[in-house]
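# Examining the three-dimensional arrangement
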Amino acid sequence: MADKCSEGLLNGTVPGERGKQDKSVKRGNWGNQIEFVLTSVGYAVGLGNVWRFPYLCYRNGGGAFMFPYFIMLVFCGIPLFFMELSFGQFASQGCLGVWRVSPMFKGVGYGMMVVSTYIGIYYNVVICIAFYYFFVSMTRVLPWTYCSNAWNTPDCVGVLDGNLSSRAALNLALNATQKRTSPSEEYWRRYVLDLSDDIGNLGEVRLPLLGCLGVSWVVVFLCLIKGVKSSGKVVYFTATFPYVVLTILFVRGITLEGALTGIMYYLTPQWDKILDAKVWGDAASQIFYSLGCAWGGLITMASYNKFHNNCYRDSIIISITNCATSVYAGFVIFSILGFMANHLGVDVSKVADHGPGLAFVAYPEALTLLPISPLWSILFFFMLILLGLGTQFCLLETLVTAIVDEVGNEWIIRRKTFVTLGVAVAGFLLGVPLTTQAGIYWLLLMDNYAASFSLVIISCIMCVAIMYIYGHRNYFKDIEMMLGFPPPLFFQICWRFISPAIIFFILVFTVIQYRPISYNDYVYPPWAISIGFLMALSSVICIPIYAIYKVCCSEGDTLLERLKNATKASKDWGPVLAEHRSGRYAPAFSPSTESHLEVQPLQPEKSRSEVEAASPVQGSNGSAHSQDSRL
């Protein structure tokens, strides 16, 4: 009996009331809360934590960059993260279904789907390249160690080549010519990519990369074959093992000669840059993009939580873990780069890089200097694969959940595996052009434009729609009903004023700091940049197009009446389970609402009168549940 009472209290009931299940039989839920936290950590912690944050840190004043970075985390990152988690959890819907809160803004959900599609296509290509490096590292000598290969040019100068008698000769070669290329760079450009001379010259498909791309998509599909039930089990490994590898590399890195020089270069504050607007802009952008806000993934992952889960606690844990991982990865990267700089006799800035250049050129070259270099190479690229897969799982699940929730009938729910397979096959086919000789040009074009300022616009409109169209008081009451306590005053202020202001600042900063994209010495032609802008606009344009459509379809004799009806919350907005619809969501059933609500089959004998009689008791359960929520 005591166990039953405890179970009831945990599910939001009071003693004497029939136990609530607090789970969706129809959609499914996470097996436990650890699975959700690990999946969200895997989603937020990605490749950018390894190759973008360390670069931004040393470019923007080293340790001084940490100050604006953590300021932006507190005032923008965590509040937005909490907003998206609570939004998805309250409605138990994906990035489309949640917009029953204000149907005119459903275009925001479609915009999130478009962004996730773009990112999912090129992100898996990066994972496939990591797979390729992982496989070729299984050899006695790494293939990018020396300049004696068929793909090398006379300009290649390797740090371990036998024709160099001393470090002085190497320094002379480094400083005397601008043409010096490393064997890792030539391996990357001339062998792995077989890079063409122009983005329009696709050339042939690189079959090794195409095979690895197939492997990547097969792995992603198999891990998501049963939705969150299967991916929730996989993340126990994919979300935790990268930290094991990072720690191994960190211990190895700090024991190398020159590692301290690299770490000091990474951390030494340049306080004169703290007043530079660019530093603050970079900090805000990194927080925003790193946490995955406005991709739709956070809403989707939270939609599989139980209704009374404490997503407030989760948002703080996941956000801080993500940022701490970025800082930790910086120590790992710069300890190795410091060792490399010491070995070459040059400044750390000469060997540091960002983006694909750090992951597939600078760091692999540094690995050749380590004893048993293939082992460290295997560990490093295995870590990149796991970091990438954690994000890719959520990107694919976002698209699948949005499709299944939108159709919403039993037929497609039972065949969700086939929807997942269809999305995976489409993603593979759309990624094939990125495995051609011009593929890296298209990958960087998508990375720079498809998910840049469009994300900022989507996030800003989402804040405005929830706080000012649906109403901040309504949303705060919803959270109190779900968690048992309202959002803290700090978050209320951030959601209404501070976070939208910071998002607008990021947008202005992005526009002011815009520079046409280039890759090394290659400058993109105007037609390619135009395609980039079209990709960026393709997600944003969904918002006004759907808003116009919704206003035209809404009831009303005047434009104002149509606008008011289009922005008013749908009758079926609210908790998806009937047992949670208390207070102002108390069931007043109509055919339209019954089609969207899931009534638990575990209590078929409960009549409508019993539900209505129980609703006042349910409405008072916020306080009963609040003690559990705060644990």
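Everything numeric in this text was worked out from a predicted model, so none of it was measured. Numbers given to residues run from 1 along each chain, matching the order in which its sequence is written. Reporting in this predicted model follows two pLDDT cut-offs: at least 70 for local features of residues, and 80 or more for side-chain atom pairs to be given and counted; totals over whole chains, interfaces and linings ignore these cut-offs and use all residues. Computation of side-chain values: all heavy atoms of the structure, hydrogens and water removed.

It is worth spelling out the state of the cysteines at this point. Our working definition of a disulfide is a cysteine sulfur pair at a distance within 2.5 Å. Following the criterion strictly, the structure yields one disulfide and no others. In this model, Cys147 is linked to Cys156 through a disulfide, with the two sulfur atoms separated by 1.9 Å. An S-S torsion of about -65° defines the bridge between Cys147 and Cys156 as left-handed. One exposure class covers both Cys147 and Cys156, and it is buried. The thiol of Cys212 is unpaired, and the distance to the nearest cysteine sulfur, on Cys128, comes to 6.0 Å. Exposure categories follow from relative accessible area, calculated using a 1.4 Å probe and restricted to protein chains: below 20% of the type maximum is buried, above 50% is exposed, and the middle band is partly exposed.

Let us now look at the packing of helix α12 (residues 259-267) against helix α15 (residues 311-344). Between two packed helices, the angle of one axis relative to the other and the distance separating the axes together describe the packing. Two elements in contact, α12 and α15, have axes whose closest approach is 6 Å; the angle formed by their N-to-C orientations is 135°. Classed by the angle they form, the pair α12 and α15 counts as oblique. The two elements α12 and α15 meet at a crossing, and its hand is right-handed. Judged by residue contacts, Ala259, Gly262, Ile263, Tyr265, Tyr266 and Leu267 of α12 engage Ser326, Val327, Gly330, Phe331, Phe334, Ser335, Gly338 and Phe339 from α15. Of the residues in the contact of α12 with α15, the class split is nine nonpolar, five polar and no charged. Each axis is a line fitted through C-alpha atoms, taken for helices only over the stretch in contact, and angles between the N-to-C directions span 0 to 180 degrees. Note on conventions: DSSP H or I runs of at least 4 residues are helices, E runs of at least 2 residues are strands, and numbering of each starts at the N terminus. Oblique is the label for any angle not under 35 degrees, not over 145, and not in the 65 to 115 range, which are roughly parallel, roughly antiparallel and roughly perpendicular in turn. Here a crossing is called left-handed whenever its near helix is offset anticlockwise from the far helix by less than a right angle, and right-handed whenever the offset is clockwise. Residues count as neighbours in contact if any of their non-hydrogen atoms are within 4.5 Å of one another. Note that Gly is not counted as nonpolar here; it falls among the polar residues with everything else outside the nonpolar set of Ala, Val, Leu, Ile, Met, Phe, Trp, Tyr, Cys and Pro and the charged set of Asp, Glu, Lys and Arg.

UniProt positions are given in the numbering used here, feature names are shortened, and annotations may be inferred rather than shown by experiment. According to UniProt, the "binding site: Na(+) 2" (unreviewed entry) feature falls on Ala44 and Asn49. Relative to the helices and strands, Ala44 is located in helix α2 (residues 33-44). The exposure class assigned to Ala44 is buried, which follows from its relative accessible area of 3%. Those residues in contact with Ala44 that lie beyond four places of it in its chain are Asn49, Ser290, Leu291 and Asn322. Secondary-structure assignment places Asn49 in helix α3 (residues 47-51).

Bringing the pattern of salt bridges into the picture now. The salt bridge criterion pairs a side-chain nitrogen of Lys or Arg with a carboxyl oxygen of Asp or Glu, the two atoms within 4 Å. Taken as a whole, this structure holds eight salt bridges when the rule is applied. Among the salt bridges present, the one from Asp314 reaches Arg313, with a minimum N-O distance of 3.3 Å. One salt bridge connects Glu397 with Lys416, and the closest N-O pair in it is separated by 3.1 Å. Highlighted residues: Glu397 in helix α18 (residues 373-407) and Lys416 in helix α20 (residues 416-431), separated in sequence by 19 residues. The same class applies to Glu397 as to Lys416, namely buried. Among the charged side chains, a network of salt bridges with common partners joins Arg59, Lys278 and Asp282.

A few words now on the nonpolar core. Membership of the largest hydrophobic core comes to 188 residues, with the highest contact counts inside it found for Tyr133 and Tyr524. Examining the composition of this core, we find that 19 residues originate from one element, helix α6 (residues 106-136), more than from any other. For Tyr133, the contacting residues outside a window of four places in its chain are Trp144, Tyr187, Trp188, Val192, Phe360 and Phe381. Nonpolar cores are built from buried Ala, Val, Leu, Ile, Met, Phe, Trp, Tyr and Cys residues. Side-chain atoms within 4.5 Å join them into one set.

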